[in-house]
Amino acid sequence: MIRAAYAEDFRCIGSQCEDGCCEAGWRVPIDRATFEKYQTLPAGELRTLIYASIQRTPQDAGGSVPETHAQVQLTPQRRCPLLDAGGLCRIHAELGESYLSRICATYPRTVHTIDHMKETTLSLSCPEAARLVLLNPSLLSQTIDRAVPFGWHETAASSAPVREFFWPLREFSIRLIRNRAYPLWLRMFLLGSFCRRLEGLAHGTLGRGVPTLLGDFSAAIASGSLRTSMDVIPASPELQLDILLELVRIRIEKDYLPPRLRETLSAFASGLGIATGETTEDRAARHARAHALYYAPFFARHPHILENCLANTILRGLFPFGERSLDPAARLEPALEFAQLATLFAVVKGLLVGVAGFHRESFSAAHVVQTVQTAFRHFDHCPEFLGQAVELLAARNLNNAAGFTMLLRD
Ligand code: SF4
């Protein structure tokens, strides 16, 4: 199977990190087992600090769940109070890794168990993980070369529940995202069409089995027969930029804007002339220029970067079923999973175009890593953002094939 084997290569760079997770202003949950371990610590300065820094989570805010039993109280600067002057974790340094809470011990890794198989993936919200994932031109090549195509008994498989096809559906999605016969935005369009049909199949409104859907779609992609339906969807640069700005606004209206997010948004806004109060048409023209002169040439030279970004998000997010893959009773919603993936990608891409316009000829991989990492940290990790963003698109009647295509097309 295609796996995120690269996650094993991740190593935290600690105090060398340019955007440390312990200074991100995040709520840091302490699981019940770790909290109880802290109650057995011998008296001393570190125990006093731990007791002063950690509080039980109120019941209505998740305190009854073992994973969020307690919470670290951040300093007024939104840092973890358990960092020493050199930016290192005192619990890790003085008590060892076994005393870290589950979240501190695993971040930026996410561990899922599906079909009794454990899988570790990485969050791009960590700068070092983002470098490891985005900059490797052959990130998934080995695992894809070794993967054996799934086989099944046609008659039995055509009536099997959609949920049982999680692995081949995820592999199909990754192979499609890496298929350079189509520009990336068209690959996303195809993935969206596929997910909508899959949703119909999951809810019994399409009278076919997953193997037939996969077979038909793969054949259509190979033959290019779907291109005609994509070509008729009109481009609307002004509307695309307008939606992008609304999506960004959802996030910046939250209470706290960390310095790195402010820096990225300021480069994005300057790159598109937003800071100077230009008209919508002028901004759209600047957006088109930044895209044509700086963004597109850079990603033509480095096509793997955005493919890796999407493939990693698909792997980490258990696409196309998301967390619902883990709950046998949950209703599967692949169209919603696609909507969230496409919205996040539209934000990442939009920010990158603005940042490319700001840095112009000097736009580099380092700028891409910073922009993508910042977007994942402050948009993907913002608990309400994706839900509100999808609601916004629905309210403007853009939560459909034409809407997402308009949002993503070059
Ligand atoms: S963000 Fe990543 S590299 Fe930086 S301190 Fe956290 S885990 Fe380590």
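Residues numbered from 1 in each chain as written. Predicted model: local features only at pLDDT ≥ 70, side-chain atom pairs only at ≥ 80, totals over all residues. Heavy atoms only, no water.

(A) The arrangement of the site of the ligand in detail. Around the ligand, the surrounding shell consists of Cys 12, Ile 13, Cys 17, Asp 19, Cys 21, Tyr 107, Pro 108, Cys 126, Pro 127, Glu 128 and Arg 377. Of the residues contributing to the shell around the ligand, the split by class is eight nonpolar, no polar and three charged. (Near = heavy atom within 4 Å. Nonpolar A, V, L, I, M, F, W, Y, C, P; charged D, E, K, R; others polar.)

(B) Looking closely at the confidence of the model for the chain. On average, residues of the chain carry a pLDDT of 91, and 97% of them reach 70 or more. Of all the helices and strands in the chain, helix H7 (residues 154-158) carries the lowest mean pLDDT, 66, while helix H5 (residues 127-134) carries the highest, 98. (pLDDT = per-residue confidence, 0-100. Helix = DSSP H or I, 4+ residues; strand = E, 2+ residues; numbered from the N terminus.)

(C) Examining the domain arrangement of the chain more closely. By the assigned domains, the chain splits into domain 1 (1-18 + 124-410) and domain 2 (29-100). The straight-line distance from the C-alpha centre of domain 1 to that of domain 2 is 35 Å. (Domains from an automatic or database assignment.)

(D) Geometry of the packing of aromatic side chains. For the coordinates displayed, the defined rule picks out twelve aromatic pairs. Ring centres 6.3 Å apart and planes at 40° place the aromatic pair Phe 166 and Phe 321 in the tilted group. Placement of Phe 166 in helix H8 (residues 166-177) and of Phe 321 in the loop between helix H15 (304-316) and helix H16 (334-359) is noted, with a sequence separation of 155 residues between them. As far as the burial class goes, Phe 166 and Phe 321 line up, both buried. Taken together, a centroid distance of 4.7 Å and an interplanar angle of 55° make the contact between Tyr 295 and Phe 299 tilted. Here Tyr 295 and its partner Phe 299 are both found in helix H14 (residues 280-301), four residues apart, which amounts to about one turn of the helix. Neither Tyr 295 nor Phe 299 differs from the other in exposure class; each is buried. Joined through ring pairs, the aromatic side chains of Tyr 295, Phe 298, Phe 299 and Phe 363 make up one cluster. Its guanidinium or amino end placed over the ring of Tyr 99, Lys 37 lies 4.9 Å from that ring's centre, counting from NZ or CZ. Looking at Arg 377, its charged tip hangs above the ring of Trp 26, at a distance of 4.8 Å from the centre. (Phe/Tyr/Trp six-rings, centres within 6.5 Å; stacked < 30°, edge-to-face > 60°. Buried < 20%, exposed > 50% of the residue type's maximum accessible area, 1.4 Å probe, protein only. Lys NZ or Arg CZ within 6 Å of the ring centre and 35° of its normal.)

(E) Examining unusual backbone geometry more closely. Residue Tyr 107 is joined to Pro 108 through a cis peptide bond whose omega torsion reads 5°. Relative to the helices and strands, Pro 108 resides in the loop between helix H4 (102-106) and strand S4 (109-114). In this chain, Phe 319 is followed by Pro 320 through a cis amide linkage whose omega measures 10°. Note that Pro 320 resides in the loop between H15 and H16. A positive phi angle, close to 50°, is found at Arg 360, a residue other than glycine. Examined against the element boundaries, Arg 360 turns out to sit in the loop between H16 and helix H17 (365-380). Arg 360 sits in the partly exposed class, given a relative accessible area of 44%. In this structure, Asn 397 is a non-glycine residue whose phi angle is positive, near 55°. Relative to the assigned elements, Asn 397 resides in the loop between helix H18 (385-395) and helix H19 (401-408).

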